[in-house]
Amino acid sequence: MKILGIIPARYASTRFPGKPLADVKGKPMIQRVYEQAKKCKALSEIIVATDDKRIEAAVKKFKGKVVLTSAKHESGTDRCYEALKKIGEKNFDAVINIQGDEPFINPEQISKVANCFKDATVQIATLIKKLESIHELTNHNAIKVIVNKNKEAIYFSRTAIPYYRGEDFSEWPKLHTYYKHIGIYGYRTDVLAQITKLERSSLEIAESLEQLRWLENGYKIKVELTENESYSIDTPEDLTNALKKFSK
């Protein structure tokens, strides 16, 4: 099986302009992500998909593979599909969308998603992690996931689900195993082509979560459990805190 790892990276960011080029221990962030992805043996090839020539130049400087894509994409999924089309859809069985703002991503997480595609019925795959605290349960940026017995996502939400009726909120984690979403996706190539053609759905608009569009249109999302946290860099402060954590 041939699996392509794509790292979407755009220059524009309201909270952290030029984020992919931010210095992370002497290297641009995008290089750190690329090097972590290279450690995953399940990937046949890795490319960066960007809309900015400065990022393109930085990737070429460290001898990485890169393709220029449109600046009009609304999601990393759309950017991944354009990149896939440019290098050949028929050359790969599946694509892993690796977040360009996770310079400390654990290669094992990428492997877990890639291994899901050993099952020929899997259309889309992602990771979940057990919620550890009330803070995460109330944090709207920590996306909660409901999972069925077949290890498939039923629903994603910014609010705490399920609602544990008649119990004090502080007791909920003791009564039910809650999961949060870890934002890495894998798609079978034909499915990636299909989902990028779907119109935004009512659930997606309500929660601002594109994966709800796929569920609402009948696609199945396989989930794999991970014990590794993800550390997305959304602001310069996030980077400062991450550097302190990973320098220990």
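It should be emphasised that the depicted structure is a prediction, and the values quoted were computed from it without experimental measurement.

S.K.: What is the right way to read the overall build of the protein chain from this model?
M.R.: Counting secondary structure elements, the protein chain contains ten helices and eleven strands. A compact globule built from 248 residues would reach a C-alpha radius of gyration of about 18 Å, and the protein chain, at 18 Å, matches this within 12%. Referenced to the eigenvectors of the C-alpha coordinate spread, the extents of the protein chain come out at roughly 60 × 40 × 30 Å. Burial analysis of the protein chain (248 residues in total) assigns 50% to the buried set. A sequence separation of at least 24 residues applies to 67% of the contacts in the protein chain between residues at least 6 apart.

S.K.: How should I be thinking about the pattern of salt bridges in this particular structure?
M.R.: Here the idea is simple: oppositely charged side chains can pair when their charged atoms come close. Under the criterion given, the structure shown has 15 salt bridges. The closest approach of N and O atoms between Lys180 and Glu229, which form a salt bridge, is 2.8 Å. You can see Lys180 sitting in strand 10 (residues 179-188) and its partner Glu229 sitting in the loop between strand 11 (221-225) and helix 10 (236-246), a full 49 residues away along the chain. Judged by its relative accessible area of 9%, Lys180 falls in the buried class.

S.K.: Sorry, what's going on with the environment of Ala9 here?
M.R.: Here Ala9 lies in strand 1 (residues 3-9). Sequence-wise, Ala9 and Glu74 are 65 residues apart; in three dimensions their C-alpha atoms are separated by 12 Å. Contact partners of Ala9, with chain neighbours within four places excluded, come to Pro20, Ile30, Val48, Ala49, Thr50, Asp51, Ile55 and Arg79.

S.K.: Looking at this structure, how should I read the side chain of Gln109?
M.R.: Within the secondary structure, Gln109 sits in helix 4 (residues 107-115). The exposure class assigned to Gln109 is buried, which follows from its relative accessible area of 1%. Other than its neighbours up to four places away in sequence, Gln109 contacts Leu127, Ile182, Ile184, Thr226, Asn228, Glu229 and Ser230.

Cut-offs and rules
The residue numbering used here restarts from 1 in each chain and proceeds along that chain's sequence as written. In keeping with the model being predicted, local features are shown solely for residues with a pLDDT of at least 70 and side-chain atom pairs are shown and tallied solely at 80 or more, while totals for entire chains, interfaces and linings include all residues. Only hydrogens and water are set aside; all other atoms, that is, all heavy atoms of the structure, feed into the side-chain values. Strands are runs of DSSP state E lasting at least two residues, helices are runs of H or I lasting at least four, and both sets are numbered from the N terminus onward. It is over C-alpha atoms that the radius of gyration is taken, and the globule rule equals 2.2 Å times the number of residues to the power 0.38. Think of it in three bands: with a 1.4 Å probe and only protein chains considered, a residue is buried below 20% of the maximum accessible area for its type, exposed above 50%, and partly exposed in between. Any two residues whose heavy atoms approach within 4.5 Å are treated as being in contact. Salt bridges are defined by distance alone: a side-chain nitrogen of Lys or Arg within 4 Å of a carboxyl oxygen of Asp or Glu.

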